[in-house]
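Chain residues, written in single-letter form:
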Amino acid sequence: MNQIRTWQECVAAHGHECGGLAIGYQVSRYAIELLDIEFDEDERILCVAEGKGCPLDGIRTMLRCDEGKNELRVEDTGNHAYSFYNLGTGEGVRLTPKQYPEMEKSEMKDFLLNMTYRYLFDKVSTEQIPEA
């Protein structure tokens, strides 16, 4: 069984710290909890992201999702919404950011990392895994 990856591993994979990476890191941590992901060798996770950018590197690192294995799909609607599916159990959840307080862009990363992910995202259970 693999360990849950850390913020520092996400930063190393992405190349720098930023608020977008923190969103990907935190939304992945919430998905791990909600879908009871244990990172067994045969466990496969699918993420359907509705936006591009830095959060995807956090998701790739944390959940080991890869576009080449069709485990990370981007449907660029410009939203920060992420649907996660445990392909073994068929369970899924869609997570969207809540309304955050007004702050400078430079403060966003620290805000996101210092809050519990349950506070940061709204969740909706989903039941249908999208076709490839």
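For clarity, every value in this text was computed on a predicted model and none was experimentally measured.

A. Spatial organisation of the overall build of the protein chain. Along the backbone of the protein chain there are five helices and five strands. Helices and strands in the protein chain line up, N terminus first, as α-α-β-α-β-β-β-α-α-β. Radius of gyration (C-alpha) of the protein chain: 14 Å, near the 14 Å computed for a compact globule of 132 residues. Taking the principal axes of the C-alpha coordinates as reference, the protein chain spans close to 40 × 25 × 25 Å. For the protein chain, the proportion of its 132 residues judged to be buried stands at 43%. Summing over all exposed atoms, the protein chain offers an accessible surface of approximately 7,300 Å²; the carbon and sulfur share of this is 44%. Placing the 14 positive and 24 negative side-chain charges of the protein chain at their respective mean positions leaves the two points 2 Å apart.

B. Quick look at the packing of helix H2 (residues 19-34) against helix H3 (residues 55-63). In contact at an axis separation of 6 Å, H2 and H3 are set at 40° when each is read in the N-to-C sense. The crossing of H2 and H3 is right-handed. Seen from H2, the contacting residues are Gly20, Leu21, Ile23, Gly24, Tyr25, Val27, Ser28, Arg29 and Ile32; seen from H3, they are Pro55, Asp57, Gly58, Ile59, Met62 and Leu63. Looking at the contact of H2 with H3 residue by residue, the class counts come to nine nonpolar, four polar and two charged.

C. Quick look at unusual backbone geometry. Residue aspartate 36 is not a glycine yet carries a positive backbone phi of 50°. Structurally, aspartate 36 is set in the loop between H2 and strand E1 (45-49). In the Ramachandran plot, arginine 64 falls in the positive-phi region, its phi being about 60° despite a non-glycine side chain. With respect to the helices and strands, the residue arginine 64 is situated in the loop between H3 and strand E2 (72-74).

D. Region of interest: the sheet that holds strand E5 (residues 121-126). The mixed open sheet is built from five strands, whose spatial order is E2-E1-E3-E4-E5. Each edge of the sheet is formed by a strand with only one pairing partner; in this case those strands are E2 and E5. With direction set aside, neighbouring strand axes in the sheet form an average angle of 20°. Alignment of strand E3 (residues 82-86) against strand E4 (residues 92-97), held across four bridges, turns out to be antiparallel. Among the inter-strand pairings, tyrosine 82 is bridged to a residue of E4, identified as leucine 95.

E. Molecular detail of the pairing of E1. Within E1, five of the five residues are buried, which leaves it mostly tucked inside the rest of the structure. Residues of E1 alternate between two faces, with Ile45, Cys47 and Ala49 on one and Leu46 and Val48 on the opposite face, all of them buried. Where E1 lies against E2, three bridges are found, and the strand directions are parallel. In the strand pairing of E2, valine 48 is matched with arginine 73.

What counts, and at which threshold
Residues numbered from 1 in each chain as written. Predicted model: local features only at pLDDT ≥ 70, side-chain atom pairs only at ≥ 80, totals over all residues. Heavy atoms only, no water. Helix = DSSP H or I, 4+ residues; strand = E, 2+ residues; numbered from the N terminus. Rg over C-alpha atoms; globule rule 2.2 N^0.38 Å. Buried < 20%, exposed > 50% of the residue type's maximum accessible area, 1.4 Å probe, protein only. Areas by Shrake-Rupley, 256 points an atom, 1.4 Å probe, with all protein chains shown as cover. Lys, Arg positive; Asp, Glu negative; His and termini not counted. Charge placed at Lys NZ, Arg CZ, Asp CG, Glu CD. Axes fitted to C-alpha atoms, helices over the stretch in contact; angles between N-to-C directions. Left-handed = near helix turned anticlockwise from the far one by under 90°. Contact = heavy atoms within 4.5 Å. Nonpolar A, V, L, I, M, F, W, Y, C, P; charged D, E, K, R; others polar. Pairing = 2+ DSSP bridges.

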